[in-house]
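# Examining the three-dimensional arrangement
So you can see what is in the structure, the chains are spelled out below.
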Amino acid sequence: MGAEATTSSPEASRFLAETEAELLDLVTEQQRTEWVYQTHITPDTEALSSRSYARYVNTAVRRAKESTRFGPGELSPADRRKMTLLRLLLPIIAPDDPTESVELTRLVASMQGAYARGRHTPVGGAEPLDLQGLSRILAESRDPRLLADVWSGWHAVGRSIRPEFVRYVDLSNRGARGLGFADLGAMWRSKYDMEPEAFAREVDRLWSEVAPLYRSLHAYVRSRLVAVYGRDRVPEAGPIPSQFLGNMWAQSWESIYPLLAPPDADPGYDLTKLLVDRGTSVEQMVRYAERFFVSLGLPALPPSFWERSMFVRPRDREVVCHASAWDIDYVEDLRIKMCVEITAEDFQTIHHELGHNYYQRAYARQPFLFRDSAHDGFHEAVGDTIQLSVTPEYLVRIGLLDRAPDASRDIGLLLYRALEKVAFLPFGLAVDRWRWDVFSGAIPPADYNPTWWEIRRRYQGVVPPAPRSAEEFDAGAKYHVPSNVAYMRYFLAHVLQFQFHRALVRTAGIPGPLHRASIFGSEAAGRSLGEMLAMGMSREWPDALEAIAGERRMSTAGLLEYFAPLQRWLDEQNRSTPVGW
Ligand code: X8Z
Ligand code: ZN
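As the structure is a computational prediction, the values presented were derived from the model and not from experiment.

Cut-off values and rules
- Residues numbered from 1 in each chain as written.
- Chains lettered and ligands numbered in written order.
- Predicted model: local features only at pLDDT ≥ 70, side-chain atom pairs only at ≥ 80, totals over all residues.
- Heavy atoms only, no water.
- Helix = DSSP H or I, 4+ residues; strand = E, 2+ residues; numbered from the N terminus.
- Buried < 20%, exposed > 50% of the residue type's maximum accessible area, 1.4 Å probe, protein only.
- Pairing = 2+ DSSP bridges.
- Donors = N, O, S within 2.8 Å, 3.2 Å for Na, K, Ca; no water.
- Tetrahedral: all angles 85-135°; square planar, octahedral: opposite > 155°, others 65-115°.
- Phe/Tyr/Trp six-rings, centres within 6.5 Å; stacked < 30°, edge-to-face > 60°.
- Near = heavy atom within 4 Å.
- Polar contact = N/O pair within 3.5 Å; in protein donor to acceptor, adjacent residues only side chain to side chain.
- Areas by Shrake-Rupley, 256 points an atom, 1.4 Å probe, with all protein chains shown as cover.
- Nonpolar A, V, L, I, M, F, W, Y, C, P; charged D, E, K, R; others polar.

### Thoughts on unusual backbone geometry
- Positive phi is not limited to glycine here, since Ala-250 has a value of about 55°.
- Positionally, Ala-250 belongs in the loop between β1 (240-241) and α9 (257-260).
- In the Ramachandran plot, Asn-484 falls in the positive-phi region, its phi being about 55° despite a non-glycine side chain.
- Under the relative-accessibility criterion, Asn-484 is labelled buried at 4%.

Listed below in structure tokens is the structure:
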């Protein structure tokens, strides 16, 4: 290898300029057709969006292959990074054969459509319900028979997706190999500015640091569920049946907070009720979130956001309801797509989505290949960092709550937060621990379902309502699997958001414990956050982390500090309770 250049050769510069212009053009078209598909699912919109996705993918692959003709000696450091990122741009790589590439993008669209169309009529119910309706039952019902029925009814959607998923694994792996990756999972693990194996070890390190807190939470929750449902239904020392945790995938447990609330430390308010009682509209829910970002000194959202977003499920057509944030033209055509309900959970999700939009807007001035987050966990962590600032004191400031509970209620607040955030950690890890092995071939199709449950049980300590057969495909009942969205990003985000929160709280100069600190209104915190957002992907992620947190490693210290009082309380509660499963 020759010496590294400080400026790029004219040929390499031209190649990159043309590549970026061509990809920007194609991705804009792909985003438009995808938007139309996801907000109006028909065979036509499926075919059109798959075709434009295939065009975009094929061009990106061709350009990535062409880029190998430039050696490091003819590239500036920034252009070297662009060449690396070009290979990693897409979440999926099509095989060379053009028929197969359209087949692959159609498979993904079709699996996503099948997921969006999933319905189940609960026992004793009159009509088929969609995922939101079924989820509401899981969150609110305490009837064991209904819970198991709703859980199984929704999971049937996975079974219908399974044949397409098997073919998708094969085609997407072949595509990834064409670009020099061992398989699609290895490609996903290569997006973190380190060797894929080192990344897998890094994830294990983070998990090992937070696992004891999770186990304590699991033990406390299990002991309360034993009290509610009895020992026959919830084993005192084994894994928890998934349908009792208030969420279809047992990924966050805040819906069952009322069953677990510490009697002498309940904060005494319910955000869902506050929102409903005030007659909050869907648009006002989004305005609250926008106002938070504006309070940090960031700009208001453009008028087109309000005109073009989808906030409400349309009555007359099938749509993808899973919440997402969009950046159609990679400049300012920002949108969210959600089927908002007036709940605390959706209040939080709106903040999550706007975090994506504010990131997108901040890096819009970067060259096309740098218009992404430092790594994908950063993208997921921004809105969640703001969620952590939704404290009782903040709710008082925006007029939703009359008076904040005093410090004697802290355990209730922390427990609720842990049910949202700590409960999520092993799920965030398990999805791609499973998928990495699926893509590598270590798990053959016949073992998809048994291994899915082995991994869920190992990390989360949960089991299905009844034994599942190998014909089922329960992973397919989670949005990101049929939709080809990598999932480790959410695990990383659940660590990073506490690291960001702690750093921004310090920057803002807010005293007191982390769980009572809100950065609302702090322009100093906004500047620090904005600086990181504006870097986009132009630098390796440790540089971005340093900009906001002054540290170059992902760290669980923020999370552990945040929950330290709860950890002590859980240890007390669990003194005569078995821990582990
Ligand atoms: O999918 C999402 C967001 C869109 S990026 C709503 N989340 C994960 C999930 O719902 O499974 C946010 C938290 C985890
Ligand atoms: Zn997200």
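### Here we look at the pairing of strand β3 (residues 334-337)
- Here β3 shows two buried faces, one formed by Leu-334 and Ile-336 and the other by Arg-335 and Lys-337.
- By the bridge criterion, four bridges tie strand β2 (residues 324-327) to β3 in an arrangement that is antiparallel. Bridge pairing links Trp-326 to Arg-335 in β3.

### A look at the coordination of the zinc ion (ligand 2)
- With distances of 2.0 to 2.1 Å, the protein atoms coordinating the zinc ion (ligand 2) are His-352 (NE2), His-356 (NE2) and Glu-380 (OE).
- Here the zinc ion (ligand 2) binds four donor atoms, and the angle range of 89 to 130° at the metal identifies the geometry as tetrahedral.
- Sequence positions of the donors to the zinc ion (ligand 2) reduce to the motif H-x3-H-x23-E. Of this pair, His-356 sits in helix α13 (residues 344-362) while Glu-380 sits in helix α14 (residues 376-388), and the two are 24 residues apart along the sequence.
- The buried category is assigned to Glu-380, whose relative accessible area is 6%.

### Some details on the packing of aromatic side chains
- Overall, the coordinates contain 43 aromatic pairs when judged by the stated rule.
- The interplanar angle of 70° and the centroid separation of 6.2 Å between the aromatic rings of Trp-207 and Tyr-459 together place this pair among those described as edge-to-face. Placement of Trp-207 in helix α8 (residues 196-229) and of Tyr-459 in helix α18 (residues 448-460) is noted, with a sequence separation of 252 residues between them. For the residue pair Trp-207 and Tyr-459, the accessibility class agrees, reading buried in each case.
- Aromatic pair Trp-434 and Phe-473: ring centres 6.2 Å apart, planes at 45°, arrangement tilted.

### A word on the site of ligand 1
- Close to ligand 1 lie Gln-251, His-322, Ala-323, His-352, Glu-353, His-356, Glu-380, Phe-424, Lys-478, His-480, Tyr-487 and Tyr-490, which account for all nearby residues.
- Residue Tyr-490 places a side-chain N or O atom 3.3 Å away from an oxygen atom belonging to ligand 1.
- For ligand 1, whose unbound accessible area comes to 370 Å², protein coverage reaches 83%.
- With three residues, the single largest contributor to the shell around ligand 1 is α13.
- Split by residue class, the shell around ligand 1 holds four nonpolar, five polar and three charged.

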